[in-house]
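Results of the structural survey
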Amino acid sequence: ATPLPLRFGSVFADEGALRAVLAERADVLLAALERVAGKVEMGVAVGWDPGAARERILAAHPELRPAEEKPATGRAYLEARRREHAVEAALRGEAEALLDRLSSAVGEVLPGAEEVRTVLPAAGMAGTLAHLVLQGNVSSYREAVERVSGDVPDAEIRLSGPWAPYSFV
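An account of the accompanying structure is given in this report. (Residues numbered from 1 in each chain as written. Predicted model: local features only at pLDDT ≥ 70, side-chain atom pairs only at ≥ 80, totals over all residues. Heavy atoms only, no water.)

1. Quick look at helix α4 (residues 74–109)
The first and last C-alpha atoms of α4 sit 53 Å apart over 36 residues, in line with the 52 Å expected at 1.5 Å per residue. Here α4 has its buried residues at Ala 80, Arg 83, Val 87, Leu 91, Ala 95, Leu 98, Leu 99, Leu 102, Ser 103, Ala 105 and Val 106. Of the surrounding secondary structure, the elements contacted by the buried residues of α4 are β1 (39–48), α3 (50–60), β2 (114–119), β3 (125–134), α5 (138–149) and β4 (155–163). (Helix = DSSP H or I, 4+ residues; strand = E, 2+ residues; numbered from the N terminus. Expected span 1.5 Å × (residues − 1). Buried < 20%, exposed > 50% of the residue type's maximum accessible area, 1.4 Å probe, protein only. Contact = heavy atoms within 4.5 Å.)

Here is the structure:
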């Protein structure tokens with residue numbers, strides 16, 4: 001069976017209160033159950049060294065390197081902020097490209113698999129992907145992710161699941 005996750009910490013006074021909430025939300029819950037029936041959530045966490053990514057960006061775009069001295073004028077400050085924003089946008093672009101490679105590999109094996117993506121969620125993380133996968137396709141999914149993992153030497157790819165489809169309800 002595919003469970004439909006319930007928010008952690010949900011408390012009901014008694015069985016009658018639980019039944020009332022279920023009856024009130026029956027249409028939404030049944031639609032959600034239909035959407036995830038026979039499926040599980042698989043996850044991919046992509047770790048990376050943001051310092052190395054930043055250095056690659058600065059090597060390719062030396063004009064974005066920060067000035068060595070503190071900005072002395074308002075214009076210099078704004079220029080420094082513009083460079084910082086450009087580097088951050090380039091980092092986000094590199095993280096997106098890395099996640100795109102994984103998404104593409106999964107899409108080749110499981111076309112149309114639903115995906116939830118989070119880019120740069122924490123220090124040292126390029127991003128995470130969650131996919132809604134038919135239970136019978138879990139091994140194909142694992143193989144696709146592992147195949148790409150070998151082609152991405154500058155990232156640490158951690159596969160997890162199968163889980164209840166928390167990200168998709």
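Picking up after the structure, the text goes on.
2. Some points on unusual backbone geometry
In this model, Gly 161 is joined to Pro 162 through a cis peptide bond whose omega is 10°. On the secondary structure map, Pro 162 appears in strand β4. Not every positive phi belongs to a glycine, and Leu 120 is a case in point at roughly 50°. By the element assignment, Leu 120 lies in the loop between β2 and β3.

3. Brief notes about the pattern of salt bridges
The full count for this structure, using the stated rule, is 12 salt bridges. With a closest N to O distance of 2.8 Å, Arg 117 and Asp 100 form a salt bridge. Separated by 17 residues along the polypeptide, Arg 117 in strand β2 and Asp 100 in helix α4 bring together distant segments of the chain. Overall, the relative accessible area of 41% leaves Asp 100 in the partly exposed class. Within this structure, Glu 96, Asp 100, Glu 115 and Arg 117 form a network of salt bridges that share partners. (Salt bridge = Lys/Arg side-chain N within 4 Å of Asp/Glu carboxyl O.)

4. Considering the sheet that holds β2
Judged by pairing direction, the sheet is antiparallel, and its 4 strands sit side by side in the order β2-β3-β1-β4 without closing on themselves. Each edge of the open sheet carries a strand with a single partner, namely β2 and β4. Neighbouring strand axes in the sheet, compared pairwise and without regard to direction, differ in orientation by 15° on average. Where β1 lies against β3, 9 bridges are found, and the strand directions are antiparallel. From the neighbouring strand, Lys 39 faces β3, where its bridge partner is Leu 134. Against the sheet, α4 touches β1, β2, β3 and β4, its axis set at about 160° to β2. Set on the sheet, α5 makes contact with β1, β3 and β4; between it and β4 the angle comes to about 175°. (Pairing = 2+ DSSP bridges. Axes fitted to C-alpha atoms, helices over the stretch in contact; angles between N-to-C directions.)

5. Looking at the packing of α3 against α4
Put simply, α3 and α4 touch, their axes get as near as 10 Å, and they point 115° apart. Between α3 and α4, the angle falls in the class roughly perpendicular. α3 and α4 meet at a crossing whose hand is right-handed. Residue-level inspection shows Pro 50, Ala 53, Arg 54, Arg 56, Ile 57 and Leu 58 of α3 in contact with α4, the latter providing Val 87, Glu 88, Ala 90, Leu 91 and Glu 94. Its residues assigned to classes, the contact of α3 with α4 comprises 7 nonpolar, no polar and 4 charged. (Parallel < 35°, antiparallel > 145°, perpendicular 65-115°, else oblique. Left-handed = near helix turned anticlockwise from the far one by under 90°. Nonpolar A, V, L, I, M, F, W, Y, C, P; charged D, E, K, R; others polar.)

6. A closer look at the side chain of Arg 83
Within the fold, Arg 83 resides in helix α4. We note that Arg 83 is buried and unpaired, the nearest opposite charge coming from Glu 79 at a distance of 4.6 Å. Among residues more than four places away in sequence, those in contact with Arg 83 are Glu 63, Leu 64, Arg 65, Pro 66 and Ala 67. (Lys, Arg positive; Asp, Glu negative; His and termini not counted.)

Purely spatial values, then, with no claim about function.
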